[in-house]
Amino acid sequence: MNERVVRGFYDRFAGIYDVVFNGLLQSGRLEAVRAMNLRPGQSVLEVGVGTGLNLELYPRGVRVVGVDISLPMLREALERQHQRPPVADVRLARMDALRLAFADDAFDVVYAPYVVTVVPSPRRVVAEMARVCRPGGRVVLVNHFGSSKKPVRWFEKRLTPLTSHVGFRIDVPLDAILGVPGLVKEHERRVNPFGLVRLVVFGKRA
Ligand SMILES: C[S@@+](CC[C@H](N)C(=O)[O-])C[C@H]1O[C@@H](n2cnc3c(N)ncnc32)[C@H](O)[C@@H]1O
C-alpha cells in the first residue's frame, strides 16, 4: 500500500465513509469491544479511529485515545462526538500508526478496527501496537484477512490491485502478522455477515 494514496483516499471520502462502512462493518466493531471486557479505569488506544464509529461502544469509566493519519476522518470523528457524546472519556489525535507517539506499555488494550490492511506494513503496525500495550494487556484486531483456500487466494490476488486504489488490500494473510515478539494469539473467530471479517485477540506476555 502506498501511504500517500491511502491518506488521499480517506481524506477525500471522509464525508461519505459512514454511508458505506457503518452498517456493513458494525457487528465486527461491537464484537471486538465486547471481547475487550473493559473495566472502569482501563485505557484503550484505538489505532485508525477514522470517523469514530467505535467511540460510542466503549463503556463509562474507560479512557480512550483515538489516532488516525487523516485529518478529515478525525474531523468527522470530532463532529460525531459533538452530536452523540460517548460515555467513555475520549481524546483524538493525528498520528501515524507506524510511529505511535506513546511510551512503551502505555495502554491496557490496543485496538485496530479495519486498519492493518490499509497500511504499508501490517506487521510493523502490529509490532508498534504491541510496544505500547502493557504486559498482560491485549492487542485486538478486527479485519478481513486473505483466505487460505487456493481459488479464493487467486481471486484476492487479482482483485487487490483494484482495492489498493480505494485504500485497502484484501490479500494479506493473517500469517503475515503472527509471530510479533511478545504477542500470543488467544482467540480468533469470524464475525460480520458472510464471515469475511475476523476478530483476533492477542495477549501481551507479562
Ligand atoms: C477502513 S478505515 C477504518 C476506520 C475505523 N477504524 C472504522 O472502524 O471504521 C481505515 C482508517 O485507517 C486510517 N489510516 C490509514 N493509514 C494510517 C496510518 N498509517 N496511521 C494511522 N491511521 C491510518 C485511515 O485514515 C482510516 O481512517
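Residues numbered from 1 in each chain as written. Predicted model: local features only at pLDDT ≥ 70, side-chain atom pairs only at ≥ 80, totals over all residues. Heavy atoms only, no water.

Engineer: Describe the environment of Asp 68, and please don't skip the residues or the numbers.
Structural biologist: On the secondary structure map, Asp 68 appears in strand S2 (residues 63–68). Looking at Asp 68, its side chain comes within polar contact range of the main-chain nitrogen of Val 49, at 3.4 Å. Looking at Asp 68, its side chain comes within polar contact range of the main-chain nitrogen of Ser 70, at 2.9 Å. (Helix = DSSP H or I, 4+ residues; strand = E, 2+ residues; numbered from the N terminus. Polar contact = N/O pair within 3.5 Å; in protein donor to acceptor, adjacent residues only side chain to side chain.)

Engineer: Can you tell me about the sheet that holds strand S4 (residues 107–113), naming the residues and giving the values?
Structural biologist: On the basis of which strands lie adjacent, the open sheet formed by 7 strands has the order S3-S2-S1-S4-S5-S7-S6 and mixed pairing. The strands lining the two open edges of the sheet, one partner per strand, are strand S3 (89–94) and strand S6 (183–191). Averaged over all neighbouring strand pairs, the angle between strand axes comes to 15 degrees, with direction disregarded. Note: strand S5 (residues 133–143) against strand S7 (residues 197–204), 6 bridges, orientation antiparallel. Note that in S7 the partner of Val 139 across the bridge is Phe 202. Lying over the sheet, helix H3 (residues 71–83) contacts S2 and S3, oriented at roughly 160 degrees with respect to S3. Docked against the sheet, helix H4 (residues 122–132) engages strand S1 (43–47), S4, S5, S6 and S7, running at close to 145 degrees with respect to S5. (Pairing = 2+ DSSP bridges. Axes fitted to C-alpha atoms, helices over the stretch in contact; angles between N-to-C directions. Contact = heavy atoms within 4.5 Å.)

Engineer: Residues and numbers for helix H2 (residues 17–36), please.
Structural biologist: At Leu 25, H2 shows its strongest bend, of approximately 55 degrees. Along H2, the residues that are buried comprise Tyr 17, Leu 25, Gln 26, Gly 28, Arg 29, Ala 32, Val 33 and Met 36. In this fold, the buried residues of H2 make contact with helix H1 (3–13), H3, S4, S5, S6 and S7. Asn 37 occupies a position one or two residues after H2 and carries a positive phi of about 50 degrees. (Bend = angle between axes of the 7 residues up to and from the residue. Buried < 20%, exposed > 50% of the residue type's maximum accessible area, 1.4 Å probe, protein only.)

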